[in-house]
Protein chains: 4
Amino acid sequence: MLKKSIDIGMIGLGKMGGNMAQNLLSSGFPVCGFDVSDAAISKFRESGGTTRDSPAAVAADVDIMITSLPKASAVKEVYRGGDGIFQSGDPGLIVLEMSTISPDMATELAEEAATHDIDVLGAPVSGGPEESRDGTLTIMVGGRQEVFDDERTQTVLEHLGEDLYYTGDIDSGHMIKLINNVMTMGNLLLAMEAVSLGAARDIDGEVMLKVLGKSGGASNQFHKRMPRVLNRNFEAGFTIDLGKKDVGLALDTARSMDQSMITTSVVFNLFTQASRDGYGDEDISAIVKLLEE
Amino acid sequence: MLKKSIDIGMIGLGKMGGNMAQNLLSSGFPVCGFDVSDAAISKFRESGGTTRDSPAAVAADVDIMITSLPKASAVKEVYRGGDGIFQSGDPGLIVLEMSTISPDMATELAEEAATHDIDVLGAPVSGGPEESRDGTLTIMVGGRQEVFDDERTQTVLEHLGEDLYYTGDIDSGHMIKLINNVMTMGNLLLAMEAVSLGAARDIDGEVMLKVLGKSGGASNQFHKRMPRVLNRNFEAGFTIDLGKKDVGLALDTARSMDQSMITTSVVFNLFTQASRDGYGDEDISAIVKLLEE
Amino acid sequence: MLKKSIDIGMIGLGKMGGNMAQNLLSSGFPVCGFDVSDAAISKFRESGGTTRDSPAAVAADVDIMITSLPKASAVKEVYRGGDGIFQSGDPGLIVLEMSTISPDMATELAEEAATHDIDVLGAPVSGGPEESRDGTLTIMVGGRQEVFDDERTQTVLEHLGEDLYYTGDIDSGHMIKLINNVMTMGNLLLAMEAVSLGAARDIDGEVMLKVLGKSGGASNQFHKRMPRVLNRNFEAGFTIDLGKKDVGLALDTARSMDQSMITTSVVFNLFTQASRDGYGDEDISAIVKLLEE
Amino acid sequence: MLKKSIDIGMIGLGKMGGNMAQNLLSSGFPVCGFDVSDAAISKFRESGGTTRDSPAAVAADVDIMITSLPKASAVKEVYRGGDGIFQSGDPGLIVLEMSTISPDMATELAEEAATHDIDVLGAPVSGGPEESRDGTLTIMVGGRQEVFDDERTQTVLEHLGEDLYYTGDIDSGHMIKLINNVMTMGNLLLAMEAVSLGAARDIDGEVMLKVLGKSGGASNQFHKRMPRVLNRNFEAGFTIDLGKKDVGLALDTARSMDQSMITTSVVFNLFTQASRDGYGDEDISAIVKLLEE
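Residues numbered from 1 in each chain as written. Chains lettered and ligands numbered in written order. Predicted model: local features only at pLDDT ≥ 70, side-chain atom pairs only at ≥ 80, totals over all residues. Heavy atoms only, no water.

1. Let's talk about the overall build of chain A
Here is step 1: A count of helical and extended segments in chain A gives 15 helices and nine strands.
Here is step 2: Whereas a compact globule of 293 residues would reach a radius of gyration of roughly 19 Å, chain A reaches 21 Å, a difference of no more than 12%.
Here is step 3: Accessible surface computed for chain A: about 10,700 Å², of which carbon and sulfur atoms make up 46%.
Here is step 4: One finds the centroid of the 25 positive side-chain charges in chain A at a distance of 6 Å from the centroid of its 44 negative side-chain charges. (Helix = DSSP H or I, 4+ residues; strand = E, 2+ residues; numbered from the N terminus. Rg over C-alpha atoms; globule rule 2.2 N^0.38 Å. Areas by Shrake-Rupley, 256 points an atom, 1.4 Å probe, with all protein chains shown as cover. Lys, Arg positive; Asp, Glu negative; His and termini not counted. Charge placed at Lys NZ, Arg CZ, Asp CG, Glu CD.)

Written out as structure tokens, the structure reads:
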């Protein structure tokens, strides 16, 4: 089968990248990876992956590659560093940048990549480790349409994601991800502020869940997290600290564009306060604790 | 049919009350009404309703009655005024208070009603004139359980609403309505703040609608009003001024309970600003204009 | 001396009104008072005051009178109640309303008073019990200029206050008081938010007091309350709960005028939070505790 | 005179640095300067200064030097660049960093300087071009006490400033400057929000200026800028855009310390809005226009 001949690189073999790699390997693709963690590398090798000593070495040997990294500084190093992708990627190489970085950085990386005849697509995801392993991620892809349409790109994306969206310019995928984060954290906080008023008034929580869940004020976050709040289950799905970081990234972007986001700023400050109060590692539904004090 | 023998009173024959009355009349119930507007009375009579000169006169002649009024001051007058319900309602009369008033006022009215052996239920609705006519309202009912279970109450509610909820104490229905309003206006404003950032970045609106509509940040308001925003259709479903009033009512209640609602306060101020900027009569989706300026 | 023949009425003999009365008595004026508290009445009589059974009875016997009451509801009762001023005040009676009420209420009382040929001036004060006793209050007076210029008014005001301002229309004095309250609470909160950042960074508090006290960001509140904060002396000068109430009054007024006050709303919510956290009876400088948590 | 033998370097010869240099030259000190602008260099030479081709060349020839630059990126380049101070400064060189940079950057520069045996003091100023020329700046100095006490440092600072403060650790001067900026912009915005309410109520502006200027809510900004507002004179003293930048710097610092600054965030967003509305180059008192719309 033709597709199987694609050599795929994977930089970042953690919870997200490692699981995506595993998914691709089990689909029969050869995957060549790199990570700074020995543990991550061992696990990846056990699943059948091969490894190289640097992002540059991976880039030299593959047709298409993915970066899935936890921090902006790591992304920079992987692309621009002395052993980075830009040092050795062949002309025509395609790189899917799937980390949560700012739209501005996505743009910068793609522009620099173009000077090396490398094509970068900004392709952040919605979904977690489980969806990464199962190939059921939602993927928002910005960048040149012809690169998105390239058979290599399509083959890889179809194996990784369930919902694939071509969103436009290089920064568009990461922008939409930020917008989603703002709405997620904001809708949740507002719901908690509102139901806290109800709770202070002795309105039954289950009644609120049932009635409001069918009302015009309902949101995905209300449906997903109100039951957790009622059960006092704040085990992390997505943590307060990650929520804070993501909303902060949106505010940084707004600031660089001189766009005011006053309600979102209040949301950010309350997440910061929750983090300071010691809830940073709990699920974002724990923001309710700030309002109950 | 036994139920049809129930005599129903209707105080307030406007867009909501008038349509509810029409629905009940067309189901075969005798409805006796009152309104201060001659036009509203004419229309009601044409549909087969009979009228009296005052709320007191209506109360004297019915088994169960409904109040559906536009302002708190009108509600007070209708219950407590010289020609009000409390002047003549027979012991055992049931009154469904379906206006948008504060939970505190619902409690006060019910307590005062009890001294006249009249039973008041706080029964605010979700839905508009259309749902009122079709009997497809969502109705949240607070008050004594046995009054809610009374055959007269059940008969009337079943004809008016599609989703009926018994929510607990007398103020619980109105409280849940306030909570819904806070989430509605807040989720919408946050969505507009977020997509305005995207628009300023030239992200395609239809792409945002499609992708974000399936994301964790989606909400009923996003689904319902983002298409309006993209079509620049700000014809009122629910106006900025009504939104402002309802969020203000929630803040009043929070204040009387010494509860801080900081994000909601910001939402309220931005709706106030939109009203001052001349968008008060437009649909709440017009809040986006404030962010585009 | 002619002036001394003025008969002065005083409704409200508490910390403010009682001390003003004492000041006037010690200056040789006959003062006739009323209060609902027996203790307040006893103290007032010991200082040489005479009393009546009701505000109406006081109003019947004096040339000019003062109302200094703790709550809006008490003000209403004193003017409009069955035994209120409007029941018996002679045409030409002057009433100085010195409580902290809303500008709207000042306007309403004056308009109603005019139908009785009684002249009300809105004359709120800046200063506390000590300044009331010493006659060193700052008094902002709104109302008809000729009533302000009346010899009776001038005589009384000159004994009560050090700084007297004629501010314009009837509501202008109370409006300016609200504006002052907003700036007072706001400047303080912002200073505390800013110095808390410094403190978290281990900047010496005394250095901040010295350097910032001479800087462009300094304010009366910074000068007055930063030393208290450094000494952890939160004994009440002016309490968090009073600050909350006064800012709330400004927000009510803004709301009735459809004026957005977004920063002030945030200030109000943080004072509300401080009150909930148990600091309501401490000095407003205790707002810093909210930021240190 | 011994002191006059001190060779002083000045990097940045703009409105601030150029005027400081002129002041030092007219006091008889030899000043050796650098700037990227030919115009700035010409003006400096006309005043008697000598120039070099790079910050490094200046550093090689002086006993103590000053950096006064408009942007953080320029500061980095001047210290760390290929022709920067760290390339050639002799051990024992003292550098006074007087730009508006973040406290974190001040710390980093000083730490890196120490590895070259160069002493950096963080010495931001309060005051503008006029005060720079007249030697009447307020200067807040953080860093090693013995470097502050060094005769060279004292000689230079005494000629530049009227009020000199030793504030503690290397970042303390810049921190206090940020705190001052937060209070400045915040006190001003709150005053404008409050007096806009008064203006909407037709309270006379001059009366507000007079009465509130003596009230507990007064601040330096109220005294300084309320007259401008009444005269509609928004010619820049300190611009909206600079105010926005400085408050943004404080928020960045708060964020890096995980400190919530909710009121300050609202202030920042409103300054951003004012900038977007086209008032960025006007004096910060023009923030009132946002509230009048």
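Now that the structure has been shown, the text picks up again.
2. Re the interface of chain B and chain A
Here is step 1: With 57 residues of chain B at the contact, the number on the chain A side is 58 residues.
Here is step 2: Summing the contributions of chain B and of chain A, the shared interface buries around 5,000 Å²; its carbon and sulfur component is 66%.
Here is step 3: A per-residue breakdown of the area chain B buries against chain A is headed by B:Leu190, B:Leu197 and B:Arg201, which together make up 15% of the total.
Here is step 4: At the junction of chain B and chain A, the tally comes to four salt bridges.
Here is step 5: Across the salt bridge formed by A:Asp171 and B:Arg201, the nearest N and O atoms sit 2.6 Å from each other.
Here is step 6: Scanning the region where chain B abuts chain A turns up 24 residue pairs in polar contact (both at pLDDT 80 or more).
Here is step 7: No other element matches helix H10 (residues 172-200) of chain B, which puts 20 residues into the side of chain B that touches chain A.
Here is step 8: Across the side of chain B that touches chain A, the residue classes break down as 31 nonpolar, 19 polar and seven charged. (Contact = heavy atoms within 4.5 Å. Buried area = accessible area lost by both parts, 1.4 Å probe. Salt bridge = Lys/Arg side-chain N within 4 Å of Asp/Glu carboxyl O. Polar contact = N/O pair within 3.5 Å; in protein donor to acceptor, adjacent residues only side chain to side chain. Nonpolar A, V, L, I, M, F, W, Y, C, P; charged D, E, K, R; others polar.)

3. Examining the relation of the copies chain C and chain A
Here is step 1: Overlay of chain C on chain A (RMSD 0.1 Å): rotation 180°, translation along the axis 0.0 Å. What the superposition gives is, in effect, a two-fold axis relating one chain to the other.
Here is step 2: When the interface residues of chain C are mapped onto chain A, 100% of them again lie at the interface, so the same face is used by both copies. (Least-squares fit on C-alpha atoms with pLDDT ≥ 70 in both.)

4. Remarks on the relation of the copies chain B and chain A
Each of the two chain copies can be brought onto the other by rotation about an axis and movement along it.
Here is step 1: For the pair chain B and chain A, the relating rotation is 179°, the translation along its axis is 0.0 Å, and the fit reaches an RMSD of 0.2 Å.
Here is step 2: Most of the interface of chain B is mirrored in chain A, where 100% of its interface residues again form contacts.

5. With respect to the interface of chain C and chain A
As a measure of interface size, the accessible area lost when the parts come together is often cited.
Here is step 1: Between chain C and chain A, the contact holds five residues from the first and five residues from the second.
Here is step 2: Summed over both partners, the interface of chain C with chain A comes to about 410 Å²; 32% of that surface belongs to carbon and sulfur atoms.
Here is step 3: Joining chain C to chain A, the criterion identifies zero salt bridges.
Here is step 4: Run the count over chain C and chain A and you get zero residue pairs in polar contact (both at pLDDT 80 or more).
Here is step 5: Partitioning the side of chain C that touches chain A into residue classes produces one nonpolar, one polar and three charged.

6. Some points on the domain arrangement of chain A
Residue and element names in this part refer to chain A.
Here is step 1: Under the domain assignment used here, chain A contains domain 1 (2-169) and domain 2 (176-292).
Here is step 2: Taken together, the contact pairs ten residues of domain 1 with eight residues of domain 2.
Here is step 3: Roughly 720 Å² is buried in total at the junction of domain 1 and domain 2, and carbon and sulfur atoms are behind 63% of that figure.
Here is step 4: It is Thr 100, Pro 103 and Met 140 in domain 1 that bury the most area against domain 2; as a group they hold 50% of the surface buried on that side.
Here is step 5: Remark: the boundary between domain 1 and domain 2 carries zero salt bridges.
Here is step 6: For the pair domain 1 and domain 2, the interface holds three residue pairs in polar contact (both at pLDDT 80 or more). (Domains from an automatic or database assignment.)

7. A short note on empty space enclosed by the protein
Here is step 1: Scanning the entire structure with this criterion turns up seven cavities of 30 Å³ or more.
Here is step 2: Around the largest cavity, the lining is made up of 25 residues, and of these B:Leu270, B:Gln273, D:Leu270, D:Gln273 and D:Leu290 lie nearest the centre.
Here is step 3: Listed by contribution, the elements that provide at least two residues to the lining of the largest cavity are H10, helix H14 (262-279) and helix H15 (287-292) of chain B together with helix H10 (172-200), helix H14 (262-279) and helix H15 (287-292) of chain D.
Here is step 4: The class makeup of the residues in the lining of the largest cavity is eight nonpolar, eight polar and nine charged. (1 Å grid on protein atoms, 1.4 Å probe; cavity = no way out; pocket = protein on both sides within 12 Å on 5 of 7 lines; lining within 4 Å. Points joined across faces, edges and corners; volume = space filled by probe spheres on them.)

8. Structural notes on the packing of helix H13 (residues 240-256) of chain A against helix H14 (residues 262-279) of chain A
All names here are of chain A.
Here is step 1: Where H13 contacts H14, the two axes come as close as 9 Å, and the packing angle between them is 150°. Considering the angle they form, H13 stands roughly antiparallel to H14. Regarding H13 and H14, the two cross each other, and that crossing is left-handed. Contacts between H13 and H14 pair Ile 240, Asp 241, Gly 243, Lys 244, Val 247, Gly 248 and Leu 251 from the former with Thr 264, Ser 265, Phe 268, Phe 271, Thr 272, Ala 274, Ser 275 and Tyr 279 from the latter. (Axes fitted to C-alpha atoms, helices over the stretch in contact; angles between N-to-C directions. Parallel < 35°, antiparallel > 145°, perpendicular 65-115°, else oblique. Left-handed = near helix turned anticlockwise from the far one by under 90°.)

9. Examining the nonpolar core
In a soluble, globular protein the nonpolar side chains are often hidden away together inside.
Here is step 1: Counting residues in each nonpolar core, the largest one holds 193 residues, and the members touching the most others are A:Met192, B:Met192, C:Met192 and D:Met192.
Here is step 2: The contacts of B:Met192, once residues within four sequence positions are left out, are B:Met226, B:Val229, B:Ser285, B:Ile287, B:Val288 and B:Leu291. (Core = buried A, V, L, I, M, F, W, Y, C linked by side-chain atoms within 4.5 Å. Buried < 20%, exposed > 50% of the residue type's maximum accessible area, 1.4 Å probe, protein only.)

10. Overview of the environment of C:Asp83
Residue and element names in this part refer to chain C.
Here is step 1: Considering the arrangement of structural elements, one finds Asp 83 in the loop between helix H4 (72-80) and helix H5 (85-88).
Here is step 2: On a C-alpha basis, the gap between Asp 83 and Ser 275 in space is 36 Å, while along the polypeptide they are 192 residues apart.
Here is step 3: Apart from residues lying up to four places away in sequence, Asp 83 is in contact with Ser 54, Pro 55 and Ala 56.

11. Some words on the pattern of salt bridges
Here is step 1: As enumerated under the stated definition, the model contains 56 salt bridges over all chains in all.
Here is step 2: With its nearest N and O atoms 2.8 Å apart, the salt bridge here joins B:Arg80 to B:Glu112. Taken together, the positions of B:Arg80 in helix H4 (residues 72-80) and B:Glu112 in helix H6 (residues 103-114) put the pair 32 residues apart, joining distant regions of the chain.
Here is step 3: With a relative accessible area of 32%, B:Arg80 lands in the partly exposed category.
Here is step 4: Within this structure, A:Arg80, A:Glu108 and A:Glu112 form a network of salt bridges that share partners.

12. Some words on the side chain of D:Thr263
Here is step 1: Considering the arrangement of structural elements, one finds D:Thr263 in helix H14.
Here is step 2: Within polar-contact distance, the side chain of D:Thr263 engages the side chain of C:Glu193 at 2.7 Å.
Here is step 3: Residues in contact with D:Thr263, not counting those within four places in the same chain, are C:Leu189, C:Leu190, C:Glu193, C:Thr263, C:Val266, C:Val267 and C:Leu270.

13. Digging into the packing of aromatic side chains
Residues and elements named next belong to chain B.
Here is step 1: In total, this model carries eight aromatic pairs over all chains according to the counting rule given.
Here is step 2: Here Phe 148 and Tyr 166 contribute two aromatic rings whose centre-to-centre distance is 5.0 Å and whose plane-to-plane angle is 40°, an arrangement assigned as tilted. Of the two residues, Phe 148 is situated in helix H8 (residues 145-149) and Tyr 166 in strand E9 (residues 161-168); the sequence distance between them amounts to 18 residues.
Here is step 3: You can call Phe 148 buried: its relative accessible area is 10%.
Here is step 4: Of the residues examined, Tyr 166 reaches a relative accessible area of 24% and is grouped as partly exposed. (Phe/Tyr/Trp six-rings, centres within 6.5 Å; stacked < 30°, edge-to-face > 60°.)

14. Considerations on unusual backbone geometry
Here is step 1: Phi at A:Arg232 is positive, roughly 50°, even though this residue is not glycine.
Here is step 2: When you line up the elements, A:Arg232 lands in the loop between helix H12 (220-230) and H13.
Here is step 3: Overall, the relative accessible area of 44% leaves A:Arg232 in the partly exposed class.
Here is step 4: One non-glycine residue, B:Asp117, lies in the positive phi region at around 60°.
Here is step 5: Within the secondary structure layout, B:Asp117 lies in the loop between H6 and strand E6 (119-122).

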